[in-house]
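Now for the letters of each chain:
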Number of protein chains: 2
Amino acid sequence: MREHFHDQLDAVTDELVQMTRLVGSAINRATQALLDADLQLAESVIEGDEAVDLLAAEIDDQCFDIAARQAPVATDLRVIMSGIRISMSVERMGDLAKHVAKQTRLRYPKSSIPPELRGTFAQMGGLAEAICSKTGMVILTKDVSHVAAVESYDDQMDRLHRELFGIVMAPDWPHGVEEAIDVTLLSRYYERFADHAVTVTKRMVHIVTGKSYAEVSVDPLTAIMETGG
Amino acid sequence: MREHFHDQLDAVTDELVQMTRLVGSAINRATQALLDADLQLAESVIEGDEAVDLLAAEIDDQCFDIAARQAPVATDLRVIMSGIRISMSVERMGDLAKHVAKQTRLRYPKSSIPPELRGTFAQMGGLAEAICSKTGMVILTKDVSHVAAVESYDDQMDRLHRELFGIVMAPDWPHGVEEAIDVTLLSRYYERFADHAVTVTKRMVHIVTGKSYAEVSVDPLTAIMETGG
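Residues numbered from 1 in each chain as written. Chains lettered and ligands numbered in written order. Predicted model: local features only at pLDDT ≥ 70, side-chain atom pairs only at ≥ 80, totals over all residues. Heavy atoms only, no water.

### Focus on the overall build of chain A
The secondary structure content of chain A amounts to 6 helices and 0 strands. Listing each helix as α and each strand as β along chain A from the N terminus yields α-α-α-α-α-α. Of all 229 residues assigned to chain A, the portion counted as buried reaches 57%. Long-range contacts, defined as pairs at least 24 residues apart, comprise 83% of the intrachain contacts of chain A with a sequence gap of at least 6. (Helix = DSSP H or I, 4+ residues; strand = E, 2+ residues; numbered from the N terminus. Buried < 20%, exposed > 50% of the residue type's maximum accessible area, 1.4 Å probe, protein only. Contact = heavy atoms within 4.5 Å.)

### A few points about the interface of chain B and chain A
Each side of the interface is counted separately: chain B has 44 residues, and chain A has 44 residues. Roughly 3800 Å² of surface becomes buried between chain B and chain A when both sides are summed, with 69% attributable to carbon and sulfur atoms. In this assembly, chain B and chain A are joined by 2 salt bridges. A salt bridge links aspartate 60 of chain B to arginine 85 of chain A; the shortest N-O distance between them is 2.3 Å. For the interface between chain B and chain A, the tally reads 2 residue pairs in polar contact (both at pLDDT 80 or more). Broken down by secondary-structure element, the contributors of at least two residues to the side of chain B that touches chain A are α2 (39–69), α3 (74–107), α5 (147–169) and α6 (177–209) of chain B. At 17 residues, α3 of chain B tops the list of elements feeding residues into the side of chain B that touches chain A. Among the residues forming the side of chain B that touches chain A, the class breakdown is 23 nonpolar, 8 polar and 13 charged. (Buried area = accessible area lost by both parts, 1.4 Å probe. Salt bridge = Lys/Arg side-chain N within 4 Å of Asp/Glu carboxyl O. Polar contact = N/O pair within 3.5 Å; in protein donor to acceptor, adjacent residues only side chain to side chain. Nonpolar A, V, L, I, M, F, W, Y, C, P; charged D, E, K, R; others polar.)

### Some remarks on the environment of threonine 120 of chain A
Residue and element names in this part refer to chain A. One can find threonine 120 in helix α4 (residues 118–141). As for threonine 120 and leucine 160, which are separated by 40 residues in sequence, their C-alpha atoms are 7.1 Å apart. Excluding anything up to four places from it in sequence, threonine 120 contacts Leu160, Glu163 and Leu164.

### Some thoughts on unusual backbone geometry
All names here are of chain A. For the peptide bond that leads from tyrosine 108 to proline 109, omega is 5°, which places it in the cis range. Structurally, proline 109 can be placed in the loop between α3 (74–107) and α4. Positive phi is not limited to glycine here, since alanine 37 has a value of about 45°. In this fold, alanine 37 is placed in the loop between α1 (2–36) and α2 (39–69).

### Looking at the relation of the copies chain B and chain A
It takes a turn of 180° to lay chain B on chain A, together with a shift of 0.0 Å along the axis; the resulting RMSD is 0.0 Å. Both copies of the chain, as the preceding transformation shows, are related through a two-fold rotation axis. Counting the interface residues of chain B, we find that 100% of their copies in chain A are interface residues as well, pointing to one common contact surface. (Least-squares fit on C-alpha atoms with pLDDT ≥ 70 in both.)

### Comments concerning the nonpolar core
Among the nonpolar cores identified, the biggest contains 136 residues, and Phe121 of chain A together with Phe121 of chain B are the most heavily contacted of them. When residues no more than four places from it in sequence are discounted, the contact partners of phenylalanine 121 of chain A are Thr31, Leu34, Leu35, Ile113, Leu164, Val183, Leu186, Ser187 and Tyr190 of chain A. (Core = buried A, V, L, I, M, F, W, Y, C linked by side-chain atoms within 4.5 Å.)

### Considering the packing of α4 of chain A against helix α5 (residues 147–169) of chain A
Residue and element names in this part refer to chain A. Where α4 meets α5, the closest approach of the two axes is 10 Å, and the angle between their N-to-C directions is 160°. By the criterion of interaxial angle, the relationship of α4 to α5 is roughly antiparallel. When you trace α4 past α5, the crossing you get is left-handed. Contact residues: Thr120, Phe121, Gln123, Met124, Leu127, Ala128, Ala130, Ile131, Lys134 and Thr135 in α4; Ala149, Val150, Tyr153, Asp154, Gln156, Met157, Leu160, His161, Glu163 and Leu164 in α5. Looking at the contact of α4 with α5 residue by residue, the class counts come to 12 nonpolar, 5 polar and 3 charged. (Axes fitted to C-alpha atoms, helices over the stretch in contact; angles between N-to-C directions. Parallel < 35°, antiparallel > 145°, perpendicular 65-115°, else oblique. Left-handed = near helix turned anticlockwise from the far one by under 90°.)

Structure follows, in structure tokens:
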């Protein structure tokens, strides 16, 4: 019984890792679609998000099932309950990748971003994929020493986000309002994507160390403009 | 034992309702601060968000405690696990109210919104408070017949959000890029606020009817521009 129980927990962990892989691929392809104004690729990201949502629903059902059929001890229960919240966050990351793809589709065949900002968005996409893969590693290995890397990626993302914000707000912004808003929203999607990854890794710290979420929840963000979601 | 258990569940429900009240008051005051460019009121909203976060952490601990010390039956377990996700959503609503207040502080003593859009933001604030109070009622009474009202408020919010988006994107927008971005982000905060309320009421439907979240999760949004969080 006990062994079967831990098998079930391992299955949940595997599925959470699988979610981070799907979402990492999604943000990677969404970024590529954005940079190339590639409608077909954007569509594939939008359609692919359903698989992430289904996986999240499956994880929920499994967590529910485990908790209902077993009487888990404290640590295991913490894993189960955190599993629910982690899947919720990773699901949101998938939504954000989809939003990037939808923005690409909305402006197609035009590009959503001016050519001079391609480099910045390529960097943001790279950071988003890196943070996603690191997050998957934290979930899989429970090695919380990777958390510092996740936070460092997040800091870099925040820096790029602020940089873009400054560029579109500057008096010499050579494009229009529409372009400025597109850049702002896109940039925000990447920034929120990284934030959710930080939330997930903090929950993993909670699982591993037992420290409450609030204790590991000191917000590293000192951005001028904070953005909600 | 059993009775004590249900007392504990009731306490969680009461605290979730209390969270919606705090958040309803926060979005109401944040809107007032936005409309009046009232720095002091904005600061009080920003500081007050900590109480919401603390309440969310308390609810988490309690849910964990109940699940750990009892072996809840299926329905009760569903309430406990949904309680965690509901508190997460309401906490995000509090964050969004705080974002509105921070935007007010950022532009002070200037107003963040042009005078001709005050009416629209006043409406959005009113809708946000109404949807919050209705959501609290659904949590308290478990009467899912209120869910239609929540969705109708959300539809109205989406309409206003699209309307504002059209206004700032129009060729005759008389203000600058900064003003357009401020309006877009603020509008987005209200729109996301309403979305989270819809998510919460769907979870309540799940608790009451046992229908899976996915089954009640048909997205009513057909907005041109979807926004992520």
